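# Notes for the structure review
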Amino acid sequence: MSKIFPNLPVPDAAGIGLRSRHISDMISRRPSAGWLEVHAENYMGDSAAVEALEKLRETYPLSVHGVGLSLGSASGLDRDHLERLRSVCIRFQPALVSEHLAWSVADGAYLNDLLPLRYDEDALDIVAANVDQLQDRLQRRVFIENLSAYIAFANSTMTEAQFLAELVKRTGCGLLLDVNNVYVSACNLDFDAKAFIDNLPADAVGEIHLAGHAVNEVEGDIVLIDDHGSRVPPAVWSLYAHVLRKIGPRPTLIEWDTEVPALDVLLGEAMWADMMAASIDFEKRGAPQIAQQPDRRFHGIELFSTSNLARGAMPAISALTTIRPSVFASNSVTRRARYAV
């Protein structure tokens, strides 16, 4: 019989991805983290990690993130893998479940990668059928994540954002907006990252991911690699600020999968995400207006107003909202889209 956990919805705040090296610290310290996310495939059996997650689930809201279901497979979903995912959801009762808009299975062989789709009606039919099957079996809404891309199909008939929007219409699924993935793909394939975000149905976005990426030079071009191996860079923070202004706060995950640092580093990144969200929410609600006849006692003092909000309202917090991409600003690097037929 499945254990009954407290009903803990994932808040519109920052959480962290639970990694094996942090489990002991999380259990002993129970630090202030908005929520935890785990990869479903790491908890499909019985192990010490599973027992540890059961303990943490009593304290923290949980999101389960799948990486191996291969929603883009034309042969359909692997029923055994789907049943294992269902068992994980029954066991841990997560508030959120998500998967990738990708494929990773061919002729029964699992590839250790998340591969892109051709964005057209045929692919949409396949993915929609698979998402319908997934949601029917789990009896819940599943959130689909945009992919980081290094190549694009030359014969796609729609953008990834348009594809995701149509997928939401057909299946009622939600979206997991990975801001780092948007930035990486936009730089690699030379498209407008903000326009990508603006073309998504805002109401469908139920979770956000933030992460770092690697910068490589290949034959004179800059190629960004989504390695989740560093702090969130300024350009991604800037794009996250655009997301917050566009759709408002959402549960936001700090991802870190390679060169995993100490737990406090992840918690610090989550703190910055919360501070940025709070600052932008404060900004959107507006600041008190200066009276038209200011008191002469304050002559020469810059009073609080909407125009000086970023400087005077919450200086430590609002510094993040003014970050602009530096290294990867427009025209600062050479970028060339790569296409595969």
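You'll find the structure just up there.
Predicted model, so just to flag it, every value in this text is computed and none were measured.

This part covers the overall build of the protein chain. A tally of regular secondary structure across the protein chain gives 11 helices and 14 strands. The burial tally for the protein chain puts 49% of its 341 residues in the buried class. Here the analysis covers contacts within the protein chain between residues at least 6 apart in sequence; of these, 80% occur between residues at least 24 apart.

Helix length check: helix α3 (residues 79–92), at 14 residues, gives a terminal C-alpha distance of 20 Å against a target of 20 Å (1.5 Å per residue), a fit within 8%. Along α3, the residues classified as buried are His81, Leu82, Leu85, Val88, Cys89 and Phe92. Angularly, the buried residues of α3 cover 115° about the axis, an arc narrow enough to put them on a single face. The exposed set on the far side of α3, more than 90 degrees from its buried face, consists of Arg79 and Asp80. Where α3 begins, the capping side chain belongs to Asp78, and its oxygen is found 2.9 Å from the backbone nitrogen of Asp80.

Our focus in this paragraph is the nonpolar core. Proteins that are soluble and globular tend to have nonpolar side chains buried together. Core analysis: the biggest nonpolar cluster contains 82 residues, and Leu134, Ile144, Phe163, Leu177, Val179, Leu210 and Tyr240 have the highest contact counts within it. By residue number, the principal contributor to this core is helix α8 (residues 234–247), which donates 9 residues. Apart from the residues lying within four places of it in its own chain, the contact partners of Tyr240 are Val179, Ile208, Leu210, Thr252, Ala273 and Met276. Core analysis: the next-biggest nonpolar cluster, separate from the first, contains 6 residues, Trp35, Leu96, Phe143 and Leu176 among them.

Counting buried residues along strand β9 (residues 174–178), 5 of its 5 residues qualify, which places the element largely inside the surrounding structure. Burial of β9 is two-sided: the residues Gly174, Leu176 and Asp178 facing one way and the residues Leu175 and Leu177 facing the other way are all buried. In terms of strand pairing, strand β7 (residues 143–145) meets β9 through 3 bridges, oriented parallel. Residue pairing for β9: Glu145 is matched across the bridge by Leu176. Note: β9 against strand β10 (residues 205–210), 4 bridges, orientation parallel. Directly across from Asp178, in β10, lies its bridge partner His209.

This next bit is on the packing of aromatic side chains. Counted by the stated rule, this structure contains 4 aromatic pairs. Relative to Tyr240, the ring of Trp237 has its centre 6.2 Å away and its plane inclined at 55°; by these criteria the two rings are tilted. Here Trp237 and its partner Tyr240 are both found in helix α8, 3 residues apart, which amounts to about one turn of the helix. Comparing Trp237 with Tyr240, the two get one shared label, buried.

With that out of the way, let us pick up the packing of helix α6 (residues 179–189) against α8. Two elements in contact, α6 and α8, have axes whose closest approach is 9 Å; the angle formed by their N-to-C orientations is 115°. Considering only the axes of α6 and α8, their crossing is right-handed. Residues Val179, Asn180, Val182 and Tyr183 of α6 lie in contact with α8, whose contacting residues are Ala235, Val236, Leu239, Tyr240 and Val243. Its residues placed into classes, the contact of α6 with α8 shows 8 nonpolar, 1 polar and no charged.

Let us now look at the pattern of salt bridges. As enumerated under the stated definition, the model contains 15 salt bridges in all. Residue Asp120 is joined to Arg118 by a salt bridge in which the shortest nitrogen-to-oxygen separation is 2.4 Å. Judged by relative accessible area, Arg118 falls into the partly exposed class, the value being 30%. Salt-bridge contacts for Arg170 lead to Glu121; the nearest nitrogen and oxygen are separated by 2.8 Å. Of the two residues, Arg170 sits in helix α5 (residues 160–171) while Glu121 sits in helix α4 (residues 121–138), which places them 49 residues apart along the sequence.

Let us now look at the environment of Trp103. Of note, Trp103 is situated in strand β5 (residues 103–106). Taking C-alpha positions, Trp103 is 9.6 Å from Val127, a pair spaced 24 residues apart along the chain.

Calculation notes
Residues numbered from 1 in each chain as written. Predicted model: local features only at pLDDT ≥ 70, side-chain atom pairs only at ≥ 80, totals over all residues. Heavy atoms only, no water. Helix = DSSP H or I, 4+ residues; strand = E, 2+ residues; numbered from the N terminus. Buried < 20%, exposed > 50% of the residue type's maximum accessible area, 1.4 Å probe, protein only. Contact = heavy atoms within 4.5 Å. Expected span 1.5 Å × (residues − 1). Arc of directions from axis to C-beta. Polar contact = N/O pair within 3.5 Å; in protein donor to acceptor, adjacent residues only side chain to side chain. Core = buried A, V, L, I, M, F, W, Y, C linked by side-chain atoms within 4.5 Å. Pairing = 2+ DSSP bridges. Phe/Tyr/Trp six-rings, centres within 6.5 Å; stacked < 30°, edge-to-face > 60°. Axes fitted to C-alpha atoms, helices over the stretch in contact; angles between N-to-C directions. Left-handed = near helix turned anticlockwise from the far one by under 90°. Nonpolar A, V, L, I, M, F, W, Y, C, P; charged D, E, K, R; others polar. Salt bridge = Lys/Arg side-chain N within 4 Å of Asp/Glu carboxyl O.

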